[in-house]
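# What the coordinates show
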Amino acid sequence: MTSILASSIADPDLVAKLRERPQLRKATHQMLMAHQAIEACLSFLPSTAKLQETGIVLGTSQGELETTKEYYRALATQDLARPFLFQNSLHHSTTGFLSQAFGIQGPTLTIADNFFSGESALDAAVALLESGQCEYCFVVGVDVMVPDFEPGVRTLYPEGLLRGEGAACLLLAANTTAANAVHFQSLQFDRVRKAESSAFSGFYDSDAIAQVARFLADNSGNELVLSKPDGTSTTMKVKRPG
């Protein structure tokens with residue numbers, strides 16, 4: 001059975017301080033947000049956990065748009081294709097950075113699935129654990145806002161939706177006996193449009209991981225229903241300790 005050992009939501013103040021670490025000074029804003037979210041869960045990884053049996057699955061709908069912008073700016077203004085910017089603009093670059101930063105040697109995946117990026121990342125992590133490809137897995141949902149792109153990006157969302165950014169992490173385990181573990185029971189996608197979207201504030205495509213983290217912290221209920229801006233939804237069921 002797959003269980004949730006820990007959850008966290010990135011703290012913007014702590015994210016800003018990460019830039020002071022020499023090894024992180026070249027990291028992008030998205031990388032730092034995801035890094036802080038994982039770091040907050042790291043102490044819950046058992047001391048017996050092996051890095052080669054620990055994985056990372058990251059959900060991010062739009063990837064490293066910030067670096068992509070800088071890459072094309074340099075190409076247009078200086079006729080210079082900067083290799084470092086190109087490397088960091090790739091969709092998997094955030095996940096690769098995280099695996100190197102934390103020494104994770106197990107499977108690493110990057111999932112992009114529009115409004116369902118967080119849920120699909122969680123679904124993929126459960127599949128990795130249930131198939132025995134890893135024993136522990138960090139699941140991260142992260143998306144950032146790039147002001148220069150906002151006029152165009154906003155056209156993809158319902159009128160009136162106030163976009164935001166954020167990062168959150170869940171630490172999943174397979175076959176754990178930890179007393180505080182929340183057991184994951186099911187994740188059901190409902191992608192059939194049912195109704196007009198209601199008002200959303202601060203929404204980002206992979207924020208399902210943060211919503212799950214808040215749900216777990218609430219310490220009540222076993223079912224979470226996540227509504228989407230397009231009128232679709234996701235239902236997640238868990239079994240809490242006791």
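Residues numbered from 1 in each chain as written. Predicted model: local features only at pLDDT ≥ 70, side-chain atom pairs only at ≥ 80, totals over all residues. Heavy atoms only, no water.

## Overview of the overall build of the protein
Quick note on the threshold: Secondary structure elements are taken from DSSP: a helix is a run of H or I of four residues or more, a strand is a run of E of two residues or more, and numbering for both begins at the N terminus. The globule rule used here is 2.2 Å times the number of residues to the 0.38 power, and the radius of gyration it is set against is calculated over C-alpha atoms. The rule is simple: take the accessible area with a 1.4 Å probe, protein chains only, and divide by the maximum for that residue type; under 20% is buried, over 50% is exposed, in between is partly exposed. Whether two residues are in contact is decided by their heavy atoms: any pair within 4.5 Å suffices.
The helix and strand inventory of the protein stands at eight helices and ten strands. For a compact globule of 242 residues, the expected C-alpha radius of gyration is about 18 Å, and the protein comes in at 18 Å, within 12% of that figure. In the protein, which comprises 242 residues, the share counted as buried stands at 50%. Pairs at least 24 apart in sequence give 78% of the contacts found in the protein among residues at least 6 apart.

## Comments concerning the pattern of salt bridges
Stated formally: Should a side-chain nitrogen of Lys or Arg be within 4 Å of a carboxyl oxygen of Asp or Glu, the pair is scored as a salt bridge.
For the structure on display, the rule yields five salt bridges. Close ionic contact of Arg154 with Glu150 constitutes a salt bridge, the shortest N to O distance being 3.9 Å. Assessed through its relative accessible area of 46%, Arg154 is described here as partly exposed. When its relative accessible area of 5% is taken as the criterion, Glu150 is described as buried. Residue Glu223 pairs with Lys237 through a salt bridge whose shortest N-O separation is 3.7 Å. Of the two residues, Glu223 is situated in strand β9 (residues 223-227) and Lys237 in strand β10 (residues 233-239); the sequence distance between them amounts to 14 residues. Classification of Lys237 as partly exposed rests on a relative accessible area of 37%. Because the salt bridges share partners, they merge into one network encompassing Glu150, Arg154 and Arg163.

## Concerning the packing of aromatic side chains
Put simply, the rule reads: Classification of ring pairs uses Phe, Tyr and Trp, with its six-membered ring standing for Trp, and accepts pairs whose centres are within 6.5 Å; under 30 degrees between planes counts as stacked, over 60 as edge-to-face, and the remaining range as tilted.
Evaluation of the coordinates by the stated rule reveals three aromatic pairs. Both rings, one in Phe115 and one in Tyr157, keep their centres 5.8 Å apart while their planes meet at 40 degrees; by these two values the pair is tilted. Of the two residues, Phe115 sits in the loop between β3 (108-111) and α6 (117-130) while Tyr157 sits in the loop between α7 (150-153) and β5 (162-163), which places them 42 residues apart along the sequence. A residue is classified by how much of its surface remains accessible, and Tyr157, at 9% relative accessible area, is buried.

## Brief notes about the pairing of β9
Note the cut-off: At least two DSSP bridges between two strands are needed for those strands to be called paired.
A one-sided burial pattern is seen for β9, the buried positions being Leu224 and Leu226 and the unburied ones Glu223, Val225 and Ser227. As paired strands, β9 and β10 are joined by five bridges and run antiparallel to one another. By the bridge assignment, Leu226 is partnered in β10 with Thr234.

## Describing empty space enclosed by the protein
Our working definition: Of the grid points, spaced at 1 Å and generated over the protein atoms alone, those admitting a 1.4 Å probe that cannot get out make up cavities, while open sets with protein on both sides within 12 Å along at least five of seven lines make up pockets; any residue with an atom within 4 Å of a point is treated as lining. Grid points are joined across faces, edges and corners, and a volume is the space filled by probe spheres set on the points. For this classification, the nonpolar set comprises Ala, Val, Leu, Ile, Met, Phe, Trp, Tyr, Cys and Pro, the charged set comprises Asp, Glu, Lys and Arg, and every other residue, Gly included, is treated as polar.
With the rule as written, the count across this model stands at one cavity of 30 Å³ or more. By volume, the largest cavity amounts to about 50 Å³. Elements with a contribution of two residues or more to the lining of the largest cavity: α6, α8 (208-218) and β10. Among the residues forming the lining of the largest cavity, the class breakdown is seven nonpolar, two polar and one charged.

## What about helix α5 (residues 93-102)?
One turn of the α-helix equals 3.6 residues, which is why residues spaced by three or four share an orientation. A large share of α5 lies buried, amounting to seven of its ten residues. Three or more residues of α5 are buried, namely Ser93, Thr94, Thr95, Phe97, Leu98, Ser99 and Phe102. Trailing α5 by a residue or two, Gly103 shows a phi angle of about 70 degrees, which is positive.

## Notes on the layout of surface pockets
In this structure, the second largest pocket encloses a volume near 180 Å³. Taken together, Ile4, Leu5, Ala6, Ser7, Asn180, Val182, Ala213, Leu216, Ala217, Asn219, Arg240 and Pro241 make up the lining of the second largest pocket. Secondary structure elements with two or more residues in the lining of the second largest pocket: β1 (2-9) and α8. In terms of residue count, β1 provides more of the lining of the second largest pocket than any other element does, four residues in total. Broken down by class, the residue content of the lining of the second largest pocket amounts to eight nonpolar, three polar and one charged.

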